[in-house]
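So you can see what is in the structure, the chains are spelled out below.
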Amino acid sequence: MQTTDTVLMIEPIAFGYNAETAENNYFQVEQKGADIQSKALAEFKIFVEKLRNKGVNVITVKDTIDPHTPDSIFPNNWVSFHKDGKVVLYPMFASNRRVERREDIIETIKNQGFEVSEVDDWSLPEIQGHFLEGTGSMIFDHDNRVAYGSVSLRLDENLFREFCTKYRFTPVVFHSFQTVGEERLPIYHTNVMMCVADKFVVICLDCIDSELERSKVIETIKNSGKEIIEISEEQMQQFAGNMLQVQNKEGEKYLVMSQTAYQSLNAEQIANIEKYCEIIYSDLNTIEVNGGGSARCMLAEVFLPKK
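Residues numbered from 1 in each chain as written. Predicted model: local features only at pLDDT ≥ 70, side-chain atom pairs only at ≥ 80, totals over all residues. Heavy atoms only, no water.

Going by an unreviewed UniProt entry, the chain carries the name Amidinotransferase and comes from Chryseobacterium muglaense.

Draft legend 1. Geometry of the overall build of the chain. The number of helices and strands found in the chain is nine helices and 17 strands. Computed over C-alpha atoms, the radius of gyration of the chain comes to 18 Å, within 12% of the 19 Å expected from 2.2 N^0.38 for 307 residues, which places it in the range of a compact globule. Overall size of the chain, expressed as C-alpha extent along the three principal axes, is 45 × 45 × 45 Å. Pairs at least 24 residues apart make up 74% of the contacts formed inside the chain by residues separated by at least 6 positions. Just so you have it, the chain exposes about 12,400 Å², and 47% of that area is on carbon and sulfur atoms. Positive and negative charge centroids in the chain, built from 31 and 47 side chains respectively, lie 5 Å apart. (Helix = DSSP H or I, 4+ residues; strand = E, 2+ residues; numbered from the N terminus. Rg over C-alpha atoms; globule rule 2.2 N^0.38 Å. Contact = heavy atoms within 4.5 Å. Areas by Shrake-Rupley, 256 points an atom, 1.4 Å probe, with all protein chains shown as cover. Lys, Arg positive; Asp, Glu negative; His and termini not counted. Charge placed at Lys NZ, Arg CZ, Asp CG, Glu CD.)

Draft legend 2. Structural detail: the layout of surface pockets. The space that makes up the largest pocket amounts to roughly 240 Å³. Residue lining of the largest pocket: 13 residues in total, with His82, Lys83, Asp84, Arg145 and Tyr167 positioned closest to the centre. Taken together, the residues of the lining of the largest pocket sort by class into five nonpolar, two polar and six charged. (1 Å grid on protein atoms, 1.4 Å probe; cavity = no way out; pocket = protein on both sides within 12 Å on 5 of 7 lines; lining within 4 Å. Points joined across faces, edges and corners; volume = space filled by probe spheres on them. Nonpolar A, V, L, I, M, F, W, Y, C, P; charged D, E, K, R; others polar.)

Draft legend 3. Spatial organisation of the pairing of strand β7 (residues 146-150). Most of β7 sits inside the fold, with five of its five residues counted as buried. Neither face of β7 is exposed, since Val146, Tyr148 and Ser150 on one face and Ala147 and Gly149 on the opposite face are all buried. Both strand β6 (residues 138-141) and β7 contribute to a ladder of four bridges, which runs antiparallel. Each bridged residue has a counterpart across the sheet, and for Phe140 the counterpart in β7 is Ala147. Joining the antiparallel neighbours β6 and β7 is a turn of four residues, in which Arg145 adopts a positive phi near 55 degrees. (Buried < 20%, exposed > 50% of the residue type's maximum accessible area, 1.4 Å probe, protein only. Pairing = 2+ DSSP bridges.)

Draft legend 4. Region of interest: unusual backbone geometry. Cis rather than trans, the peptide bond between Asp66 and Pro67 has omega equal to 0 degrees. Along the chain, Pro67 turns up in the loop between β2 (57-62) and β3 (79-81). Backbone geometry at Arg145 places phi at a positive 55 degrees, although glycine is not the residue there. Its place among the elements puts Arg145 in the loop between β6 and β7. Of note in this structure, Arg168 is not a glycine but carries a positive phi near 60 degrees. Residue placement: Arg168 occurs in the loop between α4 (157-166) and β8 (170-174).

Draft legend 5. Spotlight on the sheet that holds β8. With mixed pairing, three strands are arranged side by side in an open sheet as β6-β7-β8. The sheet is open, and its two borders are formed by β6 and β8, each paired with just one other strand. The average undirected angle you get between the axes of adjacent strands in this sheet is 20 degrees. Of the strands in this sheet, β6, β7 and β8 touch α4, which is tilted by about 160 degrees from β8. Helix-sheet contacts for helix α5 (residues 211-223) involve β7 and β8, and the interaxial angle to β8 is about 145 degrees. (Axes fitted to C-alpha atoms, helices over the stretch in contact; angles between N-to-C directions.)

Draft legend 6. Up close: the state of the cysteines. Enumeration according to the criterion identifies zero disulfides in this entry. For Cys164, which is in no disulfide, the shortest distance to another cysteine sulfur is to Cys195 and amounts to 18 Å. (Disulfide = S-S within 2.5 Å.)

Draft legend 7. Focus on empty space enclosed by the protein. Applying the stated rule across the entire model yields three cavities of 30 Å³ or more. Its boundaries defined by the atoms lining it, the largest cavity holds a volume of some 140 Å³. Counting residues per element, the ones that place at least two in the lining of the largest cavity are β6, β11 (194-196) and β14 (244-247).

Draft legend 8. Structural detail: the side chain of Gln269. Looking at the element boundaries, Gln269 is found in helix α8 (residues 267-274). Setting aside anything within four residues of it in sequence, one finds Gln269 in contact with Glu230, Ile231, Gln235 and Ser264.

Here it is in structure tokens:
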């Protein structure tokens, strides 16, 4: 199944700009002011409410003051929850993000009626400088057992291939870039330039500079039977690639995105998406600007079996 009706979200208590992640996340801009946390919290709460109002099961866990984890609002980078009962922990680039991995969060999920058969800890390679940041760096087509991965400092190709072998995904490896000033620099996470839903894929093909790699990605998507909804690099910069399809308890599907992303789309793109599912969008401006991540990054999907 491509979509789940349950997501984990981490409520921020000390959200802010993270200089460690800004080294290669070119979406981040530091805003000054004492109200960054309060604005982020307000955005978070409205977002949660919008999802719950549509019948999506949102499990929220509060962040901790100590240790300080300014990016904890993006849990999908350190953990993923699989339908076979496995919970996977991932190696993280920024040292101050590694403490986001919390056992009590997994216990909270279990207490919500989900079964965990094993915690598969992949975090060790981070000590040697090799990283694989969960469903930020990997985009799963669950139904077709395909995983898309754009190589960057946050996705080590060897680790990605190793993960795909163990979890029975066919890896599609490519390189994607964004223009920063006069340079073409690697996009830090695959999930800011593509989103795989049940019947369509939103993707910025212009980010894949290699014609060979671009053709391979297009061919794989077409072979999976999904429609390609293309976005421009300018729209990608507005987080139009950072979307996630979810469903409610009745199986009604929704594509979740930020208000910034939604407003960047044209009428034809919106109509193409709405052929398949309703759109949920929410204002996440403070989180996007300071954190360099958007709606999809805030949602860790829970595919675990129920007890």
